[in-house]
Structure formats: C-alpha cells, structure tokens
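Structural overview for review
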Amino acid sequence: GAVVSQHPSRVICKSGTSVKIECRSLDFQATTMFWYRQFPKKSLMLMATSNEGSKATYEQGVEKDKFLINHASLTLSTLTVTSAHPEDSSFYICSAREGSEKLFFGSGTQLSVL
Amino acid sequence: DQQVKQNSPSLSVQEGRISILNCDYTNSMFDYFLWYKKYPAEGPTFLISISSIKDKNEDGRFTVFLNKSAKHLSLHIVPSQPGDSAVYFCAASFNDYKLSFGAGTTVTVRA
C-alpha cells in the first residue's frame, strides 16, 4: 500500500527553539495532507489541512503563526513549530490522501520541549 | 467539541473470543466511518470502513456495524488474536474528507 514517511520520529528541543517535521508521500502524489496532534489518552485532533501550492487551512483554535505548514510539492509537507514551549510537547502525525477517501498516515513525531 | 466518542478506553479479551469495540457520534452529517489500528510509536493504519448507506461491512475477521438512527457503530473482531492487541480509533467524515477521531480503545488480547 501507499507509504507516508514522517521525520523525525522523536525530537527533544529547548524552549524557544523551532522544530521542523517533514511528511513525505513516497509512492504517490498527495494533493492534500493533514496534520494531527495527539495528547496522551486523547483523540487525534486535526490541526490543519495542507493543499499543494496554497495556504494551509487551520482548524479553530490552532495558531497559524505558531504552527507553520508548507506544502511545496505533491510529495512533501512540513510542519514547523515555532518558538516551542513545553505545552507544545505532543505527538504529531501527518496523513496524506491519494485521491480517494483513504488516508495514509505517517509514523508520527514525538516532540518534547524542555 | 468531541463529535466522535469511544467511551471504553480499554478492552481485554481472551484469544479466540470476540472483541467488540463501540463508537458513538453526534454529527448527523457524517457519511463515512472508518476504523484505524495503531501500534505504539507508529501511525494509525486503516482497518475497515463503512458508508452511511450501508449497515454492515465485513472483511475477514473484521466486521463493522452502523446504526444511523442511534448514531452508533461497532467493530467486531472474531476470533481475536494476540496480534490484534493495539489501540483502535473510530473516525468519521463528511464531504470535505476531514476526519474526526474518537479517543481510542486499547485492546489487549490474552493468550
């Protein structure tokens, strides 16, 4: 099946620094990618929808200046957590749509901000 | 506002028996429902889905039932196997394909 690669799988950073997470569709062109955030024992919360070549659409309550999303090509979307703080520590997951209703997920990134 | 709810955070079942996972939703506009399986430190993988025009979909050991009037769906796994131990997420969507997820149910299959 389709593969979505997400990198890095785990990152630890100091408060105030920025972290970039990459999401790549390896064997298909993803016109739409989604970014989710998961808190412990909570559901996956959609943060934003990323369409290739256009600005991301953010869900209510998600700060677009805090979570910068770039979808520069049909195979790559990036999420940058700017000026990270401890409350940004979470599990971030991307997913990509292959042109059908099925979504394929990356393996996730565990972000820990000290 | 949680539109998809999985009220049982965990489920323990003996190998060979049936696992039944439940999911409730509040948005009547949802027209497509999915179940995802997730192992630790991995992303969710698609398991099975059902359209709102159906009330049952079966794929091997996995069957999903949809009761639209009750806004309820369930996933049956029979027989349960040790490899089925994972977190199972229920998800729902409508036209714009954005998924709303439940909080997940951790299934443990005992040998």
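The coordinates are above.
Residues numbered from 1 in each chain as written. Chains lettered and ligands numbered in written order. Predicted model: local features only at pLDDT ≥ 70, side-chain atom pairs only at ≥ 80, totals over all residues. Heavy atoms only, no water.

**Some details on the overall build of chain A**
What chain A contains, in helices and strands, is zero helices and 11 strands. Listing each helix as α and each strand as β along chain A from the N terminus yields β-β-β-β-β-β-β-β-β-β-β. Taking 2.2 N^0.38 as the reference for a compact globule, 114 residues should give roughly 13 Å; the C-alpha atoms of chain A span a radius of gyration of 13 Å, in line with that estimate. Overall, chain A is about 40 × 25 × 20 Å in size when its C-alpha atoms are taken along their principal axes. Taken over 114 residues, chain A has a buried fraction of 49%. Here the analysis covers contacts within chain A between residues at least 6 apart in sequence; of these, 53% occur between residues at least 24 apart. When the accessible surface of chain A is split by element, carbon and sulfur atoms take 50% of a total near 5700 Å². On chain A, the mean spot of the 12 positive side-chain charges and the mean spot of the 10 negative ones are 6 Å from each other. (Helix = DSSP H or I, 4+ residues; strand = E, 2+ residues; numbered from the N terminus. Rg over C-alpha atoms; globule rule 2.2 N^0.38 Å. Buried < 20%, exposed > 50% of the residue type's maximum accessible area, 1.4 Å probe, protein only. Contact = heavy atoms within 4.5 Å. Areas by Shrake-Rupley, 256 points an atom, 1.4 Å probe, with all protein chains shown as cover. Lys, Arg positive; Asp, Glu negative; His and termini not counted. Charge placed at Lys NZ, Arg CZ, Asp CG, Glu CD.)

**Details of the overall build of chain B**
When you go through chain B residue by residue, the secondary structure sums to zero helices and 11 strands. Reading the helices (α) and strands (β) of chain B from amino to carboxyl end gives β-β-β-β-β-β-β-β-β-β-β. Against the compact-globule benchmark of 13 Å for 111 residues, chain B has a radius of gyration of 13 Å, which places it among compact chains. Seen through its C-alpha atoms, chain B measures out along the principal axes to roughly 40 × 30 × 20 Å. Within the structure as shown, chain B displays about 5400 Å² of accessible surface, and the carbon and sulfur contribution to it stands at 50%. Within chain B, one finds 11 positive and 10 negative side-chain charges whose respective centroids are separated by 3 Å.

**Considering unusual backbone geometry**
Note on backbone geometry: most residues besides glycine have negative phi, and most peptide bonds are trans. Cis rather than trans, the peptide bond between H7 of chain A and P8 of chain A has omega equal to 0 degrees. Take P8 of chain A: it is sitting in the loop between β1 (4-7) and β2 (10-13). Not every positive phi belongs to a glycine, and S83 of chain A is a case in point at roughly 45 degrees. Among the structural elements, S83 of chain A can be located in the loop between β8 (76-81) and β9 (90-97). Note on S83 of chain A: relative accessible area 33%, which makes it partly exposed. Here the phi dihedral of K71 of chain B falls at roughly 50 degrees; this positive angle occurs in a residue that is not glycine.

**Section: a nonpolar patch on the surface**
Judged by side-chain polarity, I18, I20 and V78 of chain B come together as a nonpolar surface patch covering roughly 230 Å² of accessible area. The exposure class assigned to I20 of chain B is partly exposed, which follows from its relative accessible area of 38%. (Patch = residues over 30% accessible without salt bridge, like charges linked within 9 Å, V, L, I, M, F, W, Y side chains within 5 Å. Salt bridge = Lys/Arg side-chain N within 4 Å of Asp/Glu carboxyl O.)

**Regarding the sheet that holds β1 of chain A**
Residues and elements named next belong to chain A. Ordered in space as β1-β3-β8-β7, the four strands form an open sheet in which the pairing is antiparallel. The open sheet is flanked by β1 and β7 (67-73), the only strands paired with a single partner. For this sheet, the mean angle separating the axes of adjacent strands, direction not counted, is 15 degrees. Bridging between β1 and strand β3 (residues 19-25) involves four bridges; their strand directions are antiparallel. Note on β3: the bridge partner recorded for V4 is S25. (Pairing = 2+ DSSP bridges. Axes fitted to C-alpha atoms, helices over the stretch in contact; angles between N-to-C directions.)

In short, shape yes, function no, at least from these values alone.
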